[in-house]
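Tertiary structure, described
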Amino acid sequence: QVQLVESGGGLVQAGGSLRLSCLVSGRTFSDYAMGWFRQAPGKEREFVASISWFGGKTYYPDSVKGRFTISGDNAKNTVYLQLNSLKPEDTAVYYCAAASSRSRPTPYIHEYDYWGQGTQVTVSS
């Protein structure tokens, strides 16, 4: 079994930055994709960023491209999401996820089979 634990959320003013971390433990895979999603109250969970664990390839939706950066540290079994130039509409619970059958970054939520518990990000105007 794989466990994902997010940290680093909090309250920040618009224009500020945060760095989220996702510690991966338990069973590991030869290669797989990691992703970040977010869910605001009353909205569906949406894709934010993805990275291939060993290849380092990344993928972002247009809504965060240029502001958010996903990265991984294999030695620490940790995936990061750097959030810059934050906007009030970025307020959400941010979830880390692993797609064990994917070796390339993917935006498709149904391809992720392991999830963390989420960390709250609140951006004030």
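Use the structure listed above.
A short tour of the structure in this document, coming up. (Residues numbered from 1 in each chain as written. Predicted model: local features only at pLDDT ≥ 70, side-chain atom pairs only at ≥ 80, totals over all residues. Heavy atoms only, no water.)

Some remarks on the environment of Ile70
Within the element layout of this structure, Ile70 appears in strand 7 (residues 68-73). The class for Ile70 is buried, based on a relative accessible area of 4%. As for Ile70 and Val121, which are separated by 51 residues in sequence, their C-alpha atoms are 16 Å apart. Leaving out residues up to four positions away in the same chain, Ile70 has contacts with Met34, Trp36, Ala49, Ser50, Ile51, Thr58, Tyr60, Val79, Tyr80 and Leu81. (Helix = DSSP H or I, 4+ residues; strand = E, 2+ residues; numbered from the N terminus. Buried < 20%, exposed > 50% of the residue type's maximum accessible area, 1.4 Å probe, protein only. Contact = heavy atoms within 4.5 Å.)

With respect to the pairing of strand 5 (residues 46-52)
The buried count for strand 5 comes to 6 of 7 residues, which makes it a mostly enclosed element. Examined bridge by bridge, strand 4 (residues 33-39) and strand 5 share 6 bridges and lie antiparallel to one another. Directly across from Trp36, in strand 5, lies its bridge partner Ala49. Hairpin remark: strand 4 followed by strand 5, antiparallel, with 6 residues in the connecting loop; positive phi at Gly42, about 80°. In the sheet, strand 5 pairs with strand 6 (residues 58-59) via 2 bridges, with the strands oriented antiparallel. (Pairing = 2+ DSSP bridges.)

Thoughts on the state of the cysteines
In the structure shown here, the tally under the stated rule is 1 disulfide. What pairs with Cys22 in a disulfide is Cys96, and their sulfur atoms sit 2.0 Å apart. With the S-S bond torsion at -75°, the cross-link from Cys22 to Cys96 turns out left-handed. Of this pair, Cys22 sits in strand 3 (residues 18-26) while Cys96 sits in strand 9 (residues 92-99), placing them 74 residues apart in sequence. For the pair shown, Cys22 and Cys96 are each scored as buried. (Disulfide = S-S within 2.5 Å.)

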